[in-house]
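Topology and contacts: notes
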Amino acid sequence: MLDVRGLAVDHGRLRALWDVSLEVGAGERVGLLGANGAGKSTTMGAIIGLYRCAEGTITFDGVPIANASTARTVARGVALVPEGRRLFPAMTVAENLLLGSYGAGRDAQGGAALDPVYALFPVLADKARQAAGELSGGQQQMVAIGRALMSRPRLLLLDEPFIGVAPRLVDEILDALARIADDGVTMLLVEQNVHRALEFVARAYVIENGRTVLEGNRAALLGDEGFSRKFLGLE
Amino acid sequence: MGFETVLQVLLGGILQGGLYALVAFGLSLIYGVVRILNFAHGTLLAVAGVLASAAFTALGWNPLLIAAVLCPVFFVLAMAFYQVLLRPLERRNAYESIVGTVLVTVGALLILSDLTASLAGPTQRNITLRLPSIEVGAIVVPMTQLVVLAGIVVLTAAMHVILTRTRFGRAVRAVTQDEVGAAICGIRGGRVKALTFGFGSATVALAAVLYVLSYPVDPYMGFALTVKAFTIIVVGGIGNLPGALAAGVFLGVAEGLTALYFRPEWAPALSVILMLTVLVARPKRLGFKA
């Protein structure tokens, strides 16, 4: 479904990504792991068109989407739950969610359009008329996920969805993500907590200094000596 | 000085302040979305005001028709101005793009003022409607003032509805609050920026028609108005419609009272003093709200 090959991205004059390649098949849950600054968020941003690709190719369902506009890629069925959530803090929860379907031109619909999101995160129905900025970190993350779902994506990119989320809500969000995946949505998850990530995804890629250095399923990654030393050394 | 005089000044201040607020709101919308301080913004009011008064005296058009013509014309011209002169600067580095946009908008201010003065003359002009006055006890309220007041109320309400109830309005607020968040919702930032630049400028054209009905305009009055609009944004909050209205009316009434009790020539300095006071004392007030 998603095929990234030899991706390179520049931030100004600095090269942030050198050579990232990864593949995500339809219906898969795939992780993207790596240290801070390895280039995980840049990879996600490049896929959805927030950053220009200097080299390499990105295809989605066989269609090249590198350097396509974000609006276009979203319309094709890719959605991002971005690092730091990027909500509209002074707008209500309902307005935030409705904006998620803006690109699809369905944003004018009220009430019923949001029911699937409220079914997933019932607490948001109670907070619908509250400003998104007043919610707790975990609830804001629910809004970010719900907003991304409003464009009815086939591929959901999740960038660190558990930062600033209370432990009690982490499980609730993980359950919701599992249900979304069961509905047939493909997922690419960036996550700092390797154990948590490997519980959720079937396999993962590891990037280091802007390059893909390792790929494998849970057992293969945990069995890899270099991987264990780097990511599990402190455990 | 009697009670009636004070009431007259208050009413005048509310009118003047409402007009300031309309100008400021267009400017703050543009700043919130496009992140450009448009120094030519107030000059657009001067140009539109001169055009309106010329159309009124030379062609005999009624003010509603003038507004209906000026609004789309300013919308389209301002969008073209943004696309051709300002948008290319966004791709430059931060320093070049900031200096570039200041030069372009200040340049537009100077050229528009001179061009208007050379074509229409540098003198003050206005539109004088011969409407009756209403007397409430000892207070005489000219009908024109009520018409302008109604215009301000209608325009403010229309802007509120556009911002909260339309697809364009939601996109404007989204881009103002988080540009990346807006992009991943499928909002095309470039298009929204151009439309907002046009929209903000078109509201100034409408405000200009209301302005010339009550006060004289001249080609060189624009920059002072832009400074007042900056003050209102600083005091009332960026993208905050009720805040702009309150700050505008406060400024308008304060100017009126200063002219009444002190000296008229000190009234224009008020806005600068107010802006500096707020900036120095409460810098946190500059947050975004939309």
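Each remark here, short or long, concerns the structure printed above.
To start, this report covers the structure provided alongside it. All values derive from a computational prediction rather than experimental measurement.

**What to know about the overall build of chain A**
Per the secondary structure count, chain A includes 10 helices and 10 strands. On C-alpha atoms alone, chain A measures out to a radius of gyration of 17 Å, which is about the 18 Å that the 2.2 N^0.38 rule sets for 235 residues. The contacts of chain A with a sequence gap of at least 6 include a subset with a gap of at least 24, amounting to 67%. On chain A, roughly 10,100 Å² of surface is accessible, and the fraction owed to carbon and sulfur atoms is 48%. Both charge centroids of chain A, one from 24 positive and one from 27 negative side chains, sit 5 Å from each other.

**Considering the side chain of glutamine 16 of chain B**
Residue and element names in this part refer to chain B. Looking at where glutamine 16 falls in the secondary structure, it is placed in helix H1 (residues 3–34). Side-chain polar atoms of glutamine 16 contact the side chain of tyrosine 211, separated by 3.3 Å. Filtering out sequence-adjacent residues up to four positions away, glutamine 16 remains in contact with Tyr211 and Tyr215.

**Considerations on the packing of helix H2 (residues 41–59) of chain B against helix H4 (residues 94–120) of chain B**
Residue and element names in this part refer to chain B. At a closest axis distance of 10 Å, the pairing of H2 and H4 adopts a crossing angle of 15°. Regarding the angle of H2 to H4, the classification is roughly parallel. The element H2 and its partner H4 pack so that their crossing is left-handed. On the side of H2, the interface is formed by Thr43, Leu44, Val47 and Val50, while H4 contributes Leu109, Leu112, Ser113, Thr116 and Ala120.

**Looking at the interface of chain A and chain B**
Taken together, the 23 residues of chain A in the interface contact 18 residues of chain B. Carbon and sulfur atoms make up 61% of the area that chain A and chain B hide from each other, which totals about 1,900 Å². If you sort the residues of chain A by the area they bury against chain B, Arg86, Phe88 and Tyr102 of chain A come out on top, with a joint share of 31%. For the pair chain A and chain B, the interface holds two salt bridges.

**Some points on the nonpolar core**
One finds Leu99 of chain A together with Leu45, Leu70, Ile187 and Phe197 of chain B to be the most contacted residues of the largest nonpolar core, which totals 83 residues. At 13 residues, helix H8 (residues 189–214) of chain B tops the list of elements feeding residues into this core. Each residue touching leucine 99 of chain A, except ones within four places of it in the same chain, is listed here: Phe88 and Met91 of chain A together with Arg170, Ala174, Cys185 and Ile187 of chain B. In terms of nonpolar packing, the next biggest core, distinct from the first, is built from 49 residues, Ala79, Leu87, Met150 and Leu158 of chain A among them.

**Topic: the layout of surface pockets**
There is about 1,000 Å³ of room inside the largest pocket. Lining the largest pocket we find 31 residues, and of these Gly49, Leu50 and Thr70 of chain A together with Glu179 and Ala183 of chain B sit closest to its centre. Elements with a contribution of two residues or more to the lining of the largest pocket: helix H1 (40–47) and helix H2 (70–76) of chain A together with helix H3 (63–90), helix H7 (179–184) and H8 of chain B. Tallying contributions element by element places H7 of chain B first for the lining of the largest pocket, with four residues. Residue classes in the lining of the largest pocket are distributed as 13 nonpolar, eight polar and 10 charged.

**Notes on the side chain of aspartate 178 of chain B**
Tracing the sequence through the fold places aspartate 178 of chain B in the loop between helix H6 (167–177) and H7. Taking the relative accessible area as the measure of exposure, aspartate 178 of chain B reaches 10% and is therefore buried. Apart from the residues lying within four places of it in its own chain, the contact partners of aspartate 178 of chain B are Arg86, Leu87 and Phe88 of chain A.

**Structural notes on empty space enclosed by the protein**
Counted by the stated rule, this structure contains three cavities of 30 Å³ or more. Counted as a void, the largest cavity has a volume near 70 Å³. What lines the largest cavity is simply Val74, Ala79, Leu80, Pro82, Gly100, Ala144, Arg147, Ala148 and Ser151 of chain A together with Ile184 and Cys185 of chain B. Listed by contribution, the elements that provide at least two residues to the lining of the largest cavity are strand E6 (78–81) and helix H6 (137–149) of chain A. Considering every element that reaches the lining of the largest cavity, the biggest residue donor is H6 of chain A, with three residues. The residue inventory of the lining of the largest cavity, partitioned by class, reads eight nonpolar, two polar and one charged.

Criteria and cut-off values
Residues numbered from 1 in each chain as written. Chains lettered and ligands numbered in written order. Predicted model: local features only at pLDDT ≥ 70, side-chain atom pairs only at ≥ 80, totals over all residues. Heavy atoms only, no water. Helix = DSSP H or I, 4+ residues; strand = E, 2+ residues; numbered from the N terminus. Rg over C-alpha atoms; globule rule 2.2 N^0.38 Å. Contact = heavy atoms within 4.5 Å. Areas by Shrake-Rupley, 256 points an atom, 1.4 Å probe, with all protein chains shown as cover. Lys, Arg positive; Asp, Glu negative; His and termini not counted. Charge placed at Lys NZ, Arg CZ, Asp CG, Glu CD. Polar contact = N/O pair within 3.5 Å; in protein donor to acceptor, adjacent residues only side chain to side chain. Axes fitted to C-alpha atoms, helices over the stretch in contact; angles between N-to-C directions. Parallel < 35°, antiparallel > 145°, perpendicular 65-115°, else oblique. Left-handed = near helix turned anticlockwise from the far one by under 90°. Buried area = accessible area lost by both parts, 1.4 Å probe. Salt bridge = Lys/Arg side-chain N within 4 Å of Asp/Glu carboxyl O. Core = buried A, V, L, I, M, F, W, Y, C linked by side-chain atoms within 4.5 Å. Buried < 20%, exposed > 50% of the residue type's maximum accessible area, 1.4 Å probe, protein only. 1 Å grid on protein atoms, 1.4 Å probe; cavity = no way out; pocket = protein on both sides within 12 Å on 5 of 7 lines; lining within 4 Å. Points joined across faces, edges and corners; volume = space filled by probe spheres on them. Nonpolar A, V, L, I, M, F, W, Y, C, P; charged D, E, K, R; others polar.

Remember, this is a structural readout, not a statement about activity or role.
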